[in-house]
Amino acid sequence: MKFLASACVALVAISGAAIAQNAPGCYPDLAVNDFNKMTRGGATQSRALALSLNQNFDGSESCKYKINDEFISEDMPAPFQ
């Protein structure tokens, strides 16, 4: 019985960590970094931007400004106009 309880706790902990990794957040520096990596890897700019924002943009207005600022600070055009 103790083993079963321990196994259940371990599964909940693992699934919780996996969900947390997929949770959207606002990561402007990662958005720029991911975009650069993907374009250097051969992705088109539009595809790289879409993937980068999908992973690093939480949909909020404040996040738009942060991501724009980060792209501009790297001498790149702002993705949100």
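Here the structure is a predicted model, which is why all the values come from computation and not from measurement. Residues take numbers from 1 onward in each chain, read along the sequence in its written order. Reporting in this predicted model follows two pLDDT cut-offs: at least 70 for local features of residues, and 80 or more for side-chain atom pairs to be given and counted; totals over whole chains, interfaces and linings ignore these cut-offs and use all residues. Note that the side-chain values use all heavy atoms of the structure and ignore hydrogens as well as water.

Peer 1: How should the packing of aromatic side chains be read in this particular structure?
Peer 2: Here the aromatic set is Phe, Tyr and Trp, taking the six-membered ring for Trp, and pairing holds for ring centres within 6.5 Å; pairs whose planes are under 30 degrees apart are stacked, those over 60 apart are edge-to-face, and all others are tilted. As enumerated under the stated definition, the model contains 2 aromatic pairs in all. Each ring, one from Phe35 and one from Phe71, has its centre 5.7 Å from the other, and the planes form 65°; the classification is edge-to-face. Taken as a pair, Phe35 in helix H2 (residues 28-40) and Phe71 in helix H4 (residues 61-73) lie far apart in primary sequence, 36 residues in all. Partly exposed describes any residue whose relative accessible area lies between the buried limit of under 20% and the exposed limit of over 50%, with all areas from a 1.4 Å probe on protein chains only and scaled to the type maximum. A residue is classified by how much of its surface remains accessible, and Phe35, at 10% relative accessible area, is buried. Taking the centre distance of 4.9 Å and the plane angle of 45° together, the rings of Phe57 and Phe80 count as tilted. In this pair, Phe57 is assigned in the loop between helix H3 (45-56) and H4 and Phe80 in the segment after H4, connecting sequence segments 23 residues apart. For the pair Phe57 and Phe80, one class covers both residues: buried. Put simply, DSSP H or I for four residues or longer makes a helix, DSSP E for two residues or longer makes a strand, and each gets a number counted from the N terminus.

Peer 1: Help me understand the pattern of salt bridges, please; the structure alone is not making it clear to me.
Peer 2: Note on pairing: side chains with opposite charge can pair once their charged atoms come close. What counts as a salt bridge is simple: a side-chain nitrogen of Lys or Arg found within 4 Å of a carboxyl oxygen of Asp or Glu. Under the defined criterion, the tally for this structure stands at 1 salt bridge. Taking the shortest distance from any N to any O, the salt bridge between Glu61 and Lys64 comes out at 3.9 Å. In this pair, Glu61 and Lys64 are both assigned in helix H4, 3 residues apart and thus about one turn of the helix distant. Classification of Lys64 as partly exposed rests on a relative accessible area of 27%.

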